[in-house]
Structure formats: structure tokens, C-alpha cells
Amino acid sequence: MEGRVVAVTGAFGALGRVVVDAAAVRGALTAAIDAAAPSAEIAERLPVSTLALAQIDLASPDQTRAAMAAIKGRFGRLDALINVAGGFVWEKVEGGGPTAWERMFAVNLMTAVNASRAALPLLLESGAGRIVNVGALAAVKAGVGMGPYAASKAAVHRFTESLAEEFKGRGVTVNAVLPSTIDTPANRTAMPDADFGKWVAPGDLAAAILFLASPQAGAITGALLPVTGSV
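What comes next is a walk through the structure. (Residues numbered from 1 in each chain as written. Predicted model: local features only at pLDDT ≥ 70, side-chain atom pairs only at ≥ 80, totals over all residues. Heavy atoms only, no water.)

Side note on the sheet that holds strand S2 (residues 29-33)
Piece 1. Read from one edge of the open sheet, seven strands run S3-S2-S1-S4-S5-S6-S7, paired in parallel fashion. In this open sheet, the two strands that pair with only one neighbour each are strand S3 (51-53) and strand S7 (224-227). Strand-to-strand twist in this sheet, taken as the mean axis angle between neighbours without regard to direction, amounts to 15°.
Piece 2. Of the strand pairs in this sheet, strand S6 (residues 172-179) and S7 are connected by four bridges, and their pairing is parallel. What sits directly across from Pro179, in S7, is Val227.
Piece 3. Here helix H3 (residues 61-75) sits on the sheet and contacts strand S1 (5-9), S2, S3 and strand S4 (80-83); the angle it forms with S3, its principal contact strand, is near 165°. (Pairing = 2+ DSSP bridges. Helix = DSSP H or I, 4+ residues; strand = E, 2+ residues; numbered from the N terminus. Axes fitted to C-alpha atoms, helices over the stretch in contact; angles between N-to-C directions. Contact = heavy atoms within 4.5 Å.)

A few points about the pattern of salt bridges
A pair can form between side chains of opposite charge whenever their charged atoms are brought close.
Piece 1. Counted under the stated rule, the structure contains six salt bridges.
Piece 2. The shortest N-O distance in the salt bridge between Lys72 and Glu125 comes to 3.3 Å. Pair noted here: Lys72 is in helix H3 and Glu125 is in helix H4 (residues 98-126), with a separation of 53 residues, a long-range link.
Piece 3. A residue is classified by how much of its surface remains accessible, and Lys72, at 34% relative accessible area, is partly exposed.
Piece 4. A residue is classified by how much of its surface remains accessible, and Glu125, at 56% relative accessible area, is exposed. (Salt bridge = Lys/Arg side-chain N within 4 Å of Asp/Glu carboxyl O. Buried < 20%, exposed > 50% of the residue type's maximum accessible area, 1.4 Å probe, protein only.)

Observations regarding the packing of H4 against helix H5 (residues 147-166)
Piece 1. Between H4 and H5, the least distance of the axes is 7 Å, while the angle of their chain directions is 20°. The orientation of H4 relative to H5 falls into the category roughly parallel. Crossing handedness for the pair H4 and H5: right-handed. Here Ala100, Trp101, Met104, Phe105, Asn108, Leu109, Ala112, Val113, Ser116 and Leu120 of H4 come into contact with H5, specifically with Gly147, Pro148, Tyr149, Ala151, Ser152, Lys153, Ala155, Val156, Phe159 and Leu163.
Piece 2. Partitioned by chemical class, the residues of the contact of H4 with H5 number 15 nonpolar, four polar and one charged. (Parallel < 35°, antiparallel > 145°, perpendicular 65-115°, else oblique. Left-handed = near helix turned anticlockwise from the far one by under 90°. Nonpolar A, V, L, I, M, F, W, Y, C, P; charged D, E, K, R; others polar.)

Re the environment of Leu81
Piece 1. Note that Leu81 resides in strand S4.
Piece 2. On the accessibility criterion, Leu81 (0% relative accessible area) is buried.
Piece 3. Sequence separation of Leu81 and Gln63 is 18 residues, and the distance between their C-alpha atoms is 16 Å.
Piece 4. The residues contacting Leu81, other than those within four sequence positions of it, are Ala7, Thr9, Met68, Ala115, Ser116, Ala119, Leu123, Arg130, Ile131 and Val132.

Here's the deal with the packing of aromatic side chains
Piece 1. Taken as a whole and judged by the stated rule, the model has two aromatic pairs.
Piece 2. Arranged with centres 4.9 Å apart and planes meeting at 70°, the rings of Phe88 and Tyr149 form a pair that is edge-to-face. Separated by 61 residues along the polypeptide, Phe88 in the loop between S4 and H4 and Tyr149 in helix H5 bring together distant segments of the chain.
Piece 3. What makes Tyr149 buried here is its relative accessible area of 13%. (Phe/Tyr/Trp six-rings, centres within 6.5 Å; stacked < 30°, edge-to-face > 60°.)

Let's talk about helix H1 (residues 16-25)
Piece 1. The complete set of buried residues in H1 reads Gly16, Val19, Val20, Ala22 and Ala23.
Piece 2. Looking at the buried residues of H1, the elements they touch are S1, S2, S4 and helix H7 (202-212).
Piece 3. Of the residues trailing H1, Gly27 is marked for its positive phi of about 95°.

Thoughts on H3
Piece 1. The first and last C-alpha atoms of H3 sit 21 Å apart over 15 residues, in line with the 21 Å expected at 1.5 Å per residue.
Piece 2. Within H3 the residues assigned to the buried category are Thr64, Ala67, Met68, Ile71 and Phe75. One face of H3 carries all of its buried residues, which in axial projection span an arc of 95°. Exposed positions of H3 whose direction lies more than 90 degrees from the buried face are Asp62 and Gly73.
Piece 3. Elements in contact with the buried residues of H3: S1, S2, S3, S4 and H4. (Expected span 1.5 Å × (residues − 1). Arc of directions from axis to C-beta.)

Some words on unusual backbone geometry
Piece 1. A positive phi angle is found at Gln55, which is not glycine, with a value near 55°.
Piece 2. Within the fold, Gln55 resides in the loop between S3 and H3.

As for the nonpolar core
Piece 1. Counting residues in each nonpolar core, the largest one holds 33 residues, and the members touching the most others are Ile33, Met68, Ile71, Leu78 and Leu81.
Piece 2. Those elements that place two or more of their residues in this core are S1, S2, S3, H3, H4, H5 and S6.
Piece 3. Here this core gets nine residues from one element, more than from any other, and that element is H4. (Core = buried A, V, L, I, M, F, W, Y, C linked by side-chain atoms within 4.5 Å.)

Structural data, given as C-alpha cells:
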């Protein structure tokens, strides 16, 4: 990853900031994009070379294009886009309503679509452009209350496959990782009785993401890679 420019959406969240750190450790120049402003602690820990783009609404095509223009202005190029931005809601269909479904498709699918569309001109210029989306193993077989989340992540899977076909042979690969439960503070709080040792460590997931974002993964496109932990 030495010298490559990597943009990460959802960069101030539990997974996104690990991806940013891991990319910087591997020698990449990073752009951290998020809808929120970073806390003082997160801002202090960002790699010194990182371009922090806070309060970017990736549901807005205009704001997304402006973020990519800022990356072009700072680094002159973009080699990889990692779409981590997303969210989760648990809601049964019975007694539920449209809001959860609309929100999940907006934050999980459309953020990836808008960011990818805005980044593609730069990624084509790279000659070894990479898009890595974060799907979900829960979208392969959904449980009770997982409908809105799983449906939106299944859409991310199909989007990944379609975009990979669209740009096959043009120097841009598109893949997705499908993690099981990620070991984050929020998930530990939500599921205090779970066996955390069976969850996916953010660092392990970041390593898989960054392999797919690397020049060495040029022969892989349209893949949906399960990342389920080592236990």
C-alpha cells in the first residue's frame, strides 16, 4: 500500500478508524470521510498525513463529489475507496414502519453508491483502482428483526457484483467483505452475554479489506468474502 491514496467512508467509527490506521501503517496516504465530526480523541489519533473530511453527507451526491474533489486537490489522485459507512437497526416487520427500511437503504446502500460514482473517475486514472464495500454475513440468511438491515446489505452485495462487471478489464476492481458480528464496544454493550471471542476483531477485518484494496488483489473482482473470525 506504500504511496497509495486510500479514502475511507465512515472513518470515525469503530471499524473505519481501524482501517484508516492500518492503511497508514502500510504506507498509504489516507482520506477519512464521515458524516460526523471526530471526537477530540479520534482527531488526535488520526495519522498526521490524513485528510479529515468531516460532516460529509454521503446521501448527498453534491457533498460526495465535493469530498472526492478535496481528495484530488490534496493528493492529486485516488487509488482505493473503502465504503465502511453504514448503520444498523433491529425491527420486526409486524408493528414496524417504513422509516427503518428507508434509513437502512440510505446509509448502507446509497452511501456506497454515491461514493463509488463520485470516486470512479479518479480510480480509473489510477490504473489499479479498488473499491471495497462492507456487506454482511447476516444478509445471506437473515433472522427475526433483521429485515431492514439484511435487505440493505444484500443490496450492497448485488451492487458490488454489478459494478465489478461494469468495470471489469478497465483497471478498477470491486469487492466486498461479509463480516459476521464485529467486536466493537457498541456490540458488546448490545449483547453483553455473547462470547466475544467468536466475533471478528476489527484489525482482522481491516487486514482483509486492505488486501482487496491492494495492487496484489488485481485478479479479484466481484468477490463477496466472508470474514467470520478464527474461532
